[in-house]
Amino acid sequence: LEKDPQEPRARFYLALARFQAGDVPSALERWRTLAAETPADAPWLPALQARIRDAATQMGIDVATVMPQPAPPRSAAPAGGQAGGPAAGPAASADDPMIRGMVEKLAARLKEDPADVEGWKRLARSYSVLGEHDKAVEAGRQAAERAPGDAEALLAYADTLLAAAPPAADGQEPGAMPPAAGAVLRKVLALQPDNPDALWLLGLDAALAGRPGEASELWNRLLAGMAPDDPNRDVLRQRIEQLKTGG
């Protein structure tokens, strides 16, 4: 969010962290704001609306009174503009011939110059935006294999593997992390033992898989590296406490 305050995936998962920590009102408000800025034809909108229903149900609120209307569909955007405002986010350019042409040009260039690690990372992100997850995974793999000591390249690869995983059913917590993603994230920790992304994701996977000791160890390492004024410290502390009681 420091790089892009409107990045929809980051906003969604930070709200999910609030929800899992028991701060349901805050999660609901964050999800409602995101839903109101999300184009009506965005493929991730149903998952977002399912979370809003979960939160409203837990609070005993009539879902109809808190479910916002989404933004106009992307197809309704004026020429040169973006429908749905800043949260158009992933897949917003999937049908834009100019954007797709740029991605294909990058892919063709990388066939001629496959040593360009930064290019592979850009291509992985681009395919993710277009919703072409198999191609994103392959581009991420190319980046990681060419730079096995580059934590950012490995994280980019792990991100594509996580994005390609089947979504959880409505109202269900995410299932186990794909083994390949877990293996890549462990390589990140071998390079950077305090990497916050790897510590959080591997800790979350351990918690969901019923390994509270492992989750607590990873999250305590993450907590130790947080700035004193980091607003997520309290959320993380709550998650660690919940591990002690089976939550």
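Everything below is about the structure printed above this text.
The following refers to the structure shown.

Criteria and cut-off values
- Residues numbered from 1 in each chain as written.
- Predicted model: local features only at pLDDT ≥ 70, side-chain atom pairs only at ≥ 80, totals over all residues.
- Heavy atoms only, no water.
- Helix = DSSP H or I, 4+ residues; strand = E, 2+ residues; numbered from the N terminus.
- Buried < 20%, exposed > 50% of the residue type's maximum accessible area, 1.4 Å probe, protein only.
- Contact = heavy atoms within 4.5 Å.
- Areas by Shrake-Rupley, 256 points an atom, 1.4 Å probe, with all protein chains shown as cover.
- Salt bridge = Lys/Arg side-chain N within 4 Å of Asp/Glu carboxyl O.
- Axes fitted to C-alpha atoms, helices over the stretch in contact; angles between N-to-C directions.
- Parallel < 35°, antiparallel > 145°, perpendicular 65-115°, else oblique.
- Left-handed = near helix turned anticlockwise from the far one by under 90°.
- Nonpolar A, V, L, I, M, F, W, Y, C, P; charged D, E, K, R; others polar.
- Expected span 1.5 Å × (residues − 1).
- Arc of directions from axis to C-beta.
- Phe/Tyr/Trp six-rings, centres within 6.5 Å; stacked < 30°, edge-to-face > 60°.

1. Here's the deal with the overall build of the protein
The helix and strand inventory of the protein stands at twelve helices and zero strands. In sequence order, the protein lays out its α and β elements as α-α-α-α-α-α-α-α-α-α-α-α. The buried share of the protein, reckoned over its 247 residues, is 40%. By sequence separation, contacts in the protein at least 24 residues apart represent 53% of the contacts at least 6 residues apart. Within the structure as shown, the protein displays about 13,100 Å² of accessible surface, and the carbon and sulfur contribution to it stands at 55%.

2. Describing the pattern of salt bridges
Note that side chains of opposite charge can pair when their charged atoms are close. Enumeration according to the criterion identifies 15 salt bridges in this entry. Between R9 and D159 there is a salt bridge, and its shortest N-O distance comes to 3.7 Å. Linking R9 in helix α1 (residues 8-20) with D159 in helix α8 (residues 151-164), this pair joins segments that are 150 residues apart in sequence. Classification of R9 as partly exposed rests on a relative accessible area of 38%. Since its relative accessible area comes to 35%, D159 is described here as partly exposed. Notably, a salt bridge pairs E217 with R221, separated by 3.3 Å at the nearest N-O pair. With E217 and R221 both in helix α11 (residues 212-224) and four residues apart, this pair spans about one turn of that helix.

3. What to know about the packing of α8 against helix α9 (residues 179-191)
For the pair α8 and α9, the least separation of the axes is 9 Å and the interaxial angle reads 160 degrees. Relative to α9, the element α8 is oriented roughly antiparallel. Between α8 and α9 lies a crossing of left-handed hand. Of the residues in α9, those touching α8 at A151, L154, L155, Y157, A158, L161 and L162 are A180, A181, V184, L185, K187, V188 and L191. Here the residues of the contact of α8 with α9 sort into 13 nonpolar, no polar and one charged.

4. A look at helix α12 (residues 233-244)
In this model, α12 (twelve residues) spans 17 Å end to end at C-alpha, consistent with the 16 Å of a helix rising 1.5 Å per residue. Residues of α12 that are buried: R233, V235, L236, R239, I240 and L243. The buried side chains of α12 occupy one side of the element, clustering within an arc of 165 degrees when seen end-on. Where α12 is buried, its residues touch α1, α10 (196-208) and α11. Backbone geometry just downstream of α12 places G246 in the positive-phi region, at approximately 85 degrees.

5. Topic: the packing of aromatic side chains
Within this structure, the stated rule accounts for four aromatic pairs. Ring centres of F12 and Y13 lie 5.1 Å apart, and the angle between their planes is 90 degrees; on these two criteria the pair is classed as edge-to-face. Note on F12: relative accessible area 17%, which makes it buried. Ring centres 5.0 Å apart and planes at 15 degrees place the aromatic pair W200 and W219 in the stacked group. Residue W200 is located in helix α10, and its partner W219 is located in helix α11; the two are separated by 19 residues in the primary sequence.

Remember that the coordinates give geometry; whether it matters functionally is a separate question.
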